[in-house]
Amino acid sequence: MNADIAQQNRSQAQSLIDALSTPVLSHFIDGKNYLRQDGATISNRSPVDDTELNQTAQGNEADVATASLSSEKAFESWRQWPAEKRRDVLHAIADRIEANAESIALMETADTGQPLRFTGKTATRGAENFRYFADLCTRASDGHSYPTPTHLNYTMREPIGPVGAITPWNMPFMLATWKIAPALAAGCTVVHKPAEWSPLTATLLAKIAFEAGLPAGVLNTVQGLGHEAGSALTQDPRIKAIAFVGGTQTGSRIMAQGAPSLKRVHFELGGKSPVVVFDDADLDRAVDAVAFMIFSLNGQRCNAGSRLLVQRSIHDQFVERLIQRAQKIRVGNPFDPAIEVGPLIHRNQLTKVKEHCFNAVQAGATMHCGGVSAVSAHLPAAGNWFAPAIVSGVTPAMDIVQQEVFGPVLAVLPFDDEAHALALANDSRYGLSTYLWTGNVGRAHRLARSFQSGMVWVNTEIARNLSTPFGGMKDSGIGRDGGDWSFDFYMETRNVCIALDGHAIPKIGKL
């Protein structure tokens, strides 16, 4: 670990933040910074030591209306752009994202507490999203043909109109591109409302896109609080659809708020993803994958494998191996390239994680490692530090098993056989991902058919493939991202039926 390098990186990050947000991190509307003179602001604070990073504009209904009007005006010309021209500008955005990779990583680390070892890949993943959907631009409006002897039916797609994207504070840059890139490729315009806890890279993305050649008004960003700016966006009649990533309760409110204007919604919501490990699995690889999927990204990821279900015959040895692994994870200043887990994003989130662990222990569970007490005394006391924790002896009904903790906390339960494993895995209101480890191919296929989740990963951590459907069941969401599934959300489908000959038309009222 190198304190000097960490300090240099943090100083560079602050310089970038100051350049972007002095005196205030503004909205970006119609191709320029936008800030009402009487506008309120939000203090954006460092997860490392609670010092202020910047002041952020606190958008309201008027700001959202301005952005929505700009998107509505821009939509009429943007939708008419040839697909090849849209493709080229999306590739130009990807190029510019890659050129700004270091700035994106540093600002994201400052904003979220995610270690540089992970945010260093943020620009690459964001650029991949833009390139992938750029190459689908020429196919976005494609439909299908359904001929009969008397008629030809064919379908076509067209962009739905201006859409709202409300994105979360975990992996904010990548998840913003994940929503925005397919919308732009489809020919939609976008009003983006990022999470107030991680506002920085959203403004940077909007400016990058504009400088790369995206016309003014096609991508507008409004900063602010969810119950103000977010609520205004979900109710604005000019916005035809809302793509949201975040909590299940917030998703429910968005659906209700958009109901009067019949807004289309796409939700990626909470998760409590089980990892099911049988005794015939490759346990070395399983340990690696389990640790990565709960402790990487500070445990703040929607598809974290936060419920570990281990066959009873290997439970104790497997948990002990995980404890040893967790205790070796390097927790500290996220600007240090050697650090693996940084501070949680906000004091409120730290409190939530601590309470889940405390309540579980009070109810009889055992917390084997991690928590606040396991953090080095040399770290700033005001930081949101929480070392990777493993909690066993839990019961299926405990909150730590049923609720999304969203931190580096793994809850462990034993199971006896395949039926028991399936029952425990499906005993959740959530249904985003399931991770299965087994050497039995037949079992893998049987359980993959029965798990109540939108995605099943067998003998692997999450493996990203932009062509496959990404999304959850139950309280984990509505709709799917990826490939053509994204266009189904951002586009309307029209059917055209043409008679091929003089087929017999039913007669009524003719003598």
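Further up the page is the structure itself.
Described below are features of the structure shown in this document. (Residues numbered from 1 in each chain as written. Predicted model: local features only at pLDDT ≥ 70, side-chain atom pairs only at ≥ 80, totals over all residues. Heavy atoms only, no water.)

## Some thoughts on the packing of aromatic side chains
Taken as a whole and judged by the stated rule, the model has twelve aromatic pairs. Summarising the aromatic geometry, the rings of Trp-169 and Phe-406 are spaced 5.3 Å apart at their centres and angled 90° between planes, so their arrangement reads as edge-to-face. One end of the pair, Trp-169, is in the loop between β7 (163–166) and α7 (172–186); the other, Phe-406, is in the loop between α14 (399–402) and β16 (409–415), and 237 residues separate them in sequence. Its relative accessible area of 13% is what places Phe-406 among the buried residues. In this structure an aromatic cluster arises from ring pairing among Tyr-132, Phe-133, Trp-178, Phe-470 and Phe-487. Geometry around Trp-81 places Lys-85 over its ring, the cationic atom sitting 4.2 Å from the centre. For Arg-443, the ring lying beneath its charged end belongs to Phe-278, and the centroid distance is 4.0 Å. (Phe/Tyr/Trp six-rings, centres within 6.5 Å; stacked < 30°, edge-to-face > 60°. Helix = DSSP H or I, 4+ residues; strand = E, 2+ residues; numbered from the N terminus. Buried < 20%, exposed > 50% of the residue type's maximum accessible area, 1.4 Å probe, protein only. Lys NZ or Arg CZ within 6 Å of the ring centre and 35° of its normal.)

## Section: the pairing of β16
β16 sits mainly inside the fold: six of its seven residues count as buried. In the sheet, strand β13 (residues 307–311) pairs with β16 via five bridges, with the strands oriented parallel. By the bridge assignment for β16, Val-310 is matched with Pro-414. Summarising the sheet, strand β15 (residues 387–392) and β16 pair through three bridges and their orientation is parallel. Among the inter-strand pairings, Ile-390 is bridged to a residue of β16, identified as Leu-410. (Pairing = 2+ DSSP bridges.)

## Some details on helix α13 (residues 347–362)
The terminal C-alpha atoms of α13, which comprises 16 residues, lie 22 Å apart, in line with the 22 Å expected from a rise of 1.5 Å per residue. Within α13, burial applies to Gln-349, Leu-350, Val-353, His-356, Cys-357 and Ala-360. Seen from one end, α13 has its buried residues packed into an arc of 125°, which puts them on one side. Of the residues in α13, the exposed ones pointing more than 90 degrees away from the buried face are Phe-358 and Gln-362. Where α13 ends, the next residue or the one after it, Gly-364, has phi of about 115°, a positive value. (Expected span 1.5 Å × (residues − 1). Arc of directions from axis to C-beta.)

## Some thoughts on the sheet that holds strand β18 (residues 433–437)
Spatial strand order, β14-β15-β16-β13-β12-β18-β19: seven strands in an open sheet with mixed pairing. Across the chains shown, the open sheet's two edge strands, defined by having one partner strand only, are β14 (366–371) and β19 (455–458). The average angle at which neighbouring strand axes cross in this sheet is 20°, direction not considered. Taken together, the four bridges between β18 and β19 define a ladder with parallel strand orientation. Residue Tyr-435 lies in a different strand from β19, and its bridge partner there is Trp-457. (Axes fitted to C-alpha atoms, helices over the stretch in contact; angles between N-to-C directions.)

## Topic: the environment of Ala-289
For Ala-289, the position within the fold is in helix α11 (residues 283–295). Along the chain, Ala-289 and Ile-462 lie 173 residues apart, while their C-alpha atoms are 8.9 Å from each other.

## Focus on the pattern of salt bridges
Oppositely charged side chains can pair when the atoms bearing their charge come close. Applying the stated criterion to the full structure yields 27 salt bridges. Here Glu-211 makes a salt bridge to Arg-96, at a shortest N to O gap of 3.2 Å. Residue Glu-211 is located in helix α8 (residues 200–211), and its partner Arg-96 is located in helix α3 (residues 83–99); the two are separated by 115 residues in the primary sequence. Between Lys-179 and Asp-481 there is a salt bridge; the shortest N-O distance is 2.8 Å. (Salt bridge = Lys/Arg side-chain N within 4 Å of Asp/Glu carboxyl O.)

## Digging into the sheet that holds strand β6 (residues 151–159)
Ordered by their spatial adjacency, three strands build an open sheet running β5-β6-β22, and the pairing between neighbours is antiparallel. Strand pairing shows two members of the sheet lacking a second neighbour, β5 (145–147) and β22 (491–499), which therefore form its edges. Averaged over all pairs of adjacent strands, the angle between their axes in this sheet comes to 20°, without regard to strand direction.

## Some words on helix α6 (residues 122–134)
Here α6 spans 18 Å end to end across 13 residues, near enough to the 18 Å set by a 1.5 Å rise per residue. Within α6, the full set of buried residues consists of Thr-122, Ala-123, Gly-126, Ala-127, Asn-129, Phe-130, Tyr-132, Phe-133 and Ala-134. Turning to α6, the residues buried within the fold contact α3, α4 (101–112), α5 (116–119), α7, α8 and α17 (483–490). (Contact = heavy atoms within 4.5 Å.)

## Digging into the environment of Gly-479
Position of Gly-479 relative to the elements: it lies in the loop between β21 (477–478) and α17. Assessed through its relative accessible area of 30%, Gly-479 is described here as partly exposed. In this structure Gly-479 touches His-266, Phe-470, Gly-471 and Gly-472, once residues within four positions along its chain are discounted.

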